[in-house]
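# Reading the structure
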Amino acid sequence: MKKITMLLIILCTSIACVSSEVKPIKVLMITGGGWHDYEKQAPILKEAIESQINAEVTIKWTSTKEHPLSPTENKLPEVFKGDFCKAYDVVFHNHCQVFFKDDDAIDKVIDNHIKNKVGVIMTHGSFHTWFKTKREAWDKICGLNSVRHHHNSPLKIEVTDKTHPVMKALGTDGWQTEKGELYETSLKKTTQSLATGTTLTGAKHTEECIFSHTNLGIKMFGTTLGHDTSTMEQDVYKKMMALGILWAANKLDKDGKVSPGYQKKITVLK
């Protein structure tokens, strides 16, 4: 009996030590701009992430009372200035600020991600942020080029690569969105395509819509899905975002297994 008691004490002590050593993933979510309901999307994404995995999400806006900015101004949002990635593990981009044109300044934004060795998550409008520059510098972090989209339509999503840890852990062959805006995408050779989307009404178009890359020494997981807030409210989308953060933060192994201490209650898809 004494041996069993001692073993239980040792086991509980070990679990307590592991738990105390596990630090939450620090996520900086940069959001705002035009053409999307970011005020609704930001809390949906934050709750989806923090409820499923051990992460703390800090939301910062591209336009604030102190530094107001319209989505069409040729100006760098204040949030992207200085050492903005410092103290974070992952930077989550969900914004659409289109008309800033200074490639050199955009290079500095990208360099700060590299300097701080953060993981990167990108959704929908982020791929059209700063897409009208001469050198198209933002494409380096996107891993692709996109300058236009197809008509609004429900979308059929088909997973094309189940070997990627995120898609392996996601555990689905595909799904359908209620609404959507499918981006035309041209992936760089170093970007891995993970799924395609197809319009279900009007003219039929199919584009790569979920992808990842490890260019520039950083891990990026992204999707052009998310124009309509109803897409972000889907369980599959919420689960994918949580898993993407785990992967970008090196907390998801090659088999899609979550590191100890980082899984809360990840959604089980029906």
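It should be emphasised that the depicted structure is a prediction, and the values quoted were computed from it without experimental measurement.

### Examining the overall build of the protein chain
Of the regular secondary structure elements, the protein chain holds seven helices and 13 strands. Relative to the 2.2 N^0.38 estimate, which gives 18 Å for 270 residues, the radius of gyration of the protein chain is 19 Å and therefore close to what a compact globule would have. Viewed in the frame of its principal axes, the protein chain has a C-alpha envelope of about 75 × 45 × 35 Å. Of all 270 residues assigned to the protein chain, the portion counted as buried reaches 52%. Expressed as a percentage of contacts within the protein chain between residues at least 6 apart in sequence, the contacts between residues at least 24 apart total 73%. If you sum the accessible surface of the protein chain, you get close to 13000 Å²; carbon and sulfur atoms cover 53% of it. Computed over 36 positive and 31 negative side-chain charges, the inter-centroid distance for the protein chain is 6 Å.

### Points about the environment of T160
Mapping T160 onto the fold places it in the loop between β7 (155-159) and α5 (165-170). Once residues within four sequence positions are removed from consideration, T160 is found in contact with S193, L194, A195 and T196. Within the structure, T160 has its side chain in polar contact with the backbone nitrogen of A195 (distance 3.3 Å).

### Things to note about the sheet that holds β7
Taken in spatial order, the nine strands of this open sheet run β2-β1-β3-β4-β13-β12-β11-β7-β8, and their pairing is mixed. Looking at which strands have only one partner, the edges of the open sheet turn out to be β2 (55-61) and β8 (174-176). Neighbouring strand axes in the sheet, compared pairwise and without regard to direction, differ in orientation by 20° on average. Looking at chain direction, strand β4 (residues 119-123) and strand β13 (residues 220-223) are connected through four bridges and run parallel. Of the residues in β13, the one forming a bridge with M122 is G222. In this fold helix α2 (residues 38-52) packs onto β1 (25-33), β2 and β3 (90-96), with an angle of close to 165° to the strand it touches most, β2.

### A short note on the side chain of T31
For T31, the location among the structural elements is in strand β1. Looking at T31, its side chain comes within polar contact range of the main-chain oxygen of N94, at 2.7 Å. Residue contacts for T31: discarding those within four places in its chain leaves Y38, A42, I59, K60, W61, T62, N94 and H95.

### Digging into α2
Spanning 15 residues, α2 covers 21 Å between terminal C-alpha atoms, matching the ideal 21 Å at 1.5 Å per step. When we look at burial in α2, the residues that qualify are Y38, Q41, A42, I44, L45, A48, I49 and Q52. Buried residues along α2 sit against β1, β2, β3, α6 (229-232) and α7 (235-248).

### Examining the nonpolar core
Ranked by internal contacts, the top residues of the largest apolar core, which has 44 residues, are I210 and F221. Looking at which element gives the most residues to this core, the answer is α7, with ten residues. Ignoring any residue separated from it by four or fewer positions in sequence, one finds I210 in contact with I157, M167, W175, Q192, S193, L194, A195, F221, G222, T223, L225 and M240. Ranked by size, the runner-up nonpolar core spans 28 residues in total, among them F80, V120, C142 and F211.

Rules of the game
Residues numbered from 1 in each chain as written. Predicted model: local features only at pLDDT ≥ 70, side-chain atom pairs only at ≥ 80, totals over all residues. Heavy atoms only, no water. Helix = DSSP H or I, 4+ residues; strand = E, 2+ residues; numbered from the N terminus. Rg over C-alpha atoms; globule rule 2.2 N^0.38 Å. Buried < 20%, exposed > 50% of the residue type's maximum accessible area, 1.4 Å probe, protein only. Contact = heavy atoms within 4.5 Å. Areas by Shrake-Rupley, 256 points an atom, 1.4 Å probe, with all protein chains shown as cover. Lys, Arg positive; Asp, Glu negative; His and termini not counted. Charge placed at Lys NZ, Arg CZ, Asp CG, Glu CD. Polar contact = N/O pair within 3.5 Å; in protein donor to acceptor, adjacent residues only side chain to side chain. Pairing = 2+ DSSP bridges. Axes fitted to C-alpha atoms, helices over the stretch in contact; angles between N-to-C directions. Expected span 1.5 Å × (residues − 1). Core = buried A, V, L, I, M, F, W, Y, C linked by side-chain atoms within 4.5 Å.

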